[in-house]
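# Commentary on secondary and tertiary structure
Each chain, written out:
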Amino acid sequence: MDSTERLVSIENNDLTEMASELSLRPQTFAQYIGQEKIKQEITVYVKAAQDRQEALDHVLLYGPPGLGKTTLATVIANEMQVAVKTTTGPAIERPGDLVAILNELEPGTILFIDEIHRLPKAVEEILYSAMEDYFIDIIVGQGETAHPVHFPLPPFTLIGATTRAGILSAPLRGRFGIIGHMQYYTEAELTAIICRSAEVFDTKIDPRGALEIARRSRGTPRIANRLLKRVRDFAQVSDKTTIDLEIVEYALNLLRVDECGLDETDHKLLLTMIELYGGGPVGLTTLAANIGEETETVADMLEPYLMQSGFLKRTPRGRMVTDKTYQHLGLINPNQQE
């Protein structure tokens, strides 16, 4: 095989992998597993908008990362049978960037902005009239030549996704007609997702193996699919034709993901609180500095699951571990009364 043939082979493999990644994302509500409450509501809104031949009202999706906000936005676009344009809050640095994006929209188009809480204030203010009245006014030129320009816009749907809905400004949040809170997934839902992903990967998986991956996936589909890929690697190298419970436990234990889904960083955070601060209370900034992570990482990626699972709690004085944490780590709580 010459160099050209090898290059074509590599490119074909890359395309195959990309196709698999895309096919992991469901395309319709029927394929989308979990988030039943949001699905039921949005299905009604989509059907009503289609019957009236109108653009869907603006949608805000919020919740921890990895729960399917981007996927749901794509599903909504498919169900509405309209195009979707995707961008992120940090990518829109100036009002001109937003004007360029809005100028390309067709009637009914969905504009999906991930991390919408990171939009600059000047950009956010332009969105107000765009969302409410479908027009924007901008100032063109400088000094004596400056003059306002009025841009009418076609009816469109803005879908915003955020992990930090609490820091969105009230004027922006109030302009979303549909608000969906993404919840952590149940073990049964994650098991179904893992089995579906295994089919996409053309990999056999034992029901008990799928359930064990689900148990350690922190209620998050993104983590479930990531762990499935790594376990698949271990199974392949071990010449196993089926991903069974034995290889799942071996692989995840080696990856230091325990039976509750806590990884090395989670253990480091909890042990730091216990060993340095007697279990708390301790402030977020102090805790992040101690474990070498950004405060946003701790607040958005680590804390939500630890709190939801009962390992961590917030108090007016700071974060504290719970009795469950001591039990899980096999430690004695010195503050527990006899």
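Residues numbered from 1 in each chain as written. Predicted model: local features only at pLDDT ≥ 70, side-chain atom pairs only at ≥ 80, totals over all residues. Heavy atoms only, no water.

## Observations regarding the packing of helix α11 (residues 264-277) against helix α12 (residues 284-291)
- Orientation of α11 relative to α12, taken along the N-to-C sense of each, is 110°, at an axis distance of 10 Å. Between α11 and α12, the interaxial angle falls into the category roughly perpendicular. Side by side, α11 and α12 meet where Lys268, Leu269, Thr272, Met273, Leu276 and Tyr277 of the first sit next to Thr286, Leu287, Asn290 and Ile291 of the second. (Axes fitted to C-alpha atoms, helices over the stretch in contact; angles between N-to-C directions. Helix = DSSP H or I, 4+ residues; strand = E, 2+ residues; numbered from the N terminus. Parallel < 35°, antiparallel > 145°, perpendicular 65-115°, else oblique. Contact = heavy atoms within 4.5 Å.)

## Focus on the environment of Asp244
- Assignment of secondary structure puts Asp244 in the loop between β9 (242-243) and α10 (245-254).
- Sequence separation between Asp244 and Ala188 is 56 residues, and the spatial gap between their C-alpha atoms is 17 Å.
- Only 3.1 Å separates the side chain of Asp244 from the side chain of Lys240, close enough to count as a polar contact. (Polar contact = N/O pair within 3.5 Å; in protein donor to acceptor, adjacent residues only side chain to side chain.)

## Thoughts on α10
- Of the positions making up α10, those classed as buried are Leu245, Ile247, Val248, Ala251 and Leu252. Burial along α10 is one-sided: seen end-on, the buried residues are contained in an arc of 160°.
- Along its buried surface, α10 packs onto α8 (207-215), α9 (221-237) and β9.
- Once α10 ends, the next one or two residues include Arg256, with phi positive near 60°. (Buried < 20%, exposed > 50% of the residue type's maximum accessible area, 1.4 Å probe, protein only. Arc of directions from axis to C-beta.)

## Overview of the pairing of strand β3 (residues 110-114)
- Burial within β3 is extensive, with four of its five residues counted as buried.
- The pairing of strand β2 (residues 84-88) with β3 spans five bridges and is classified as parallel. Bridged to Val84 within β3 is Ile110.
- Regarding the hand of the β-α-β motif, the stretch spanning β2, helix α4 (residues 95-103) and β3 is right-handed.
- Taken together, the five bridges between β3 and strand β6 (residues 157-162) define a ladder with parallel strand orientation. Along β6, the bridge assignment pairs Asp114 with Ala161. (Pairing = 2+ DSSP bridges. Right-handed = clockwise from strand over helix to strand, strands pointing away.)

## Topic: the UniProt feature "binding site: DNA" (unreviewed entry) in the protein
- In the numbering adopted here, UniProt assigns the feature "binding site: DNA" (unreviewed entry) to Arg314 and Arg319.
- Along the polypeptide, Arg314 turns up in strand β10 (residues 312-315).
- By the element assignment, Arg319 lies in strand β11 (residues 318-321).
- Classification of Arg319 as buried rests on a relative accessible area of 14%. (UniProt positions renumbered as here; feature names shortened; annotations may be inferred.)

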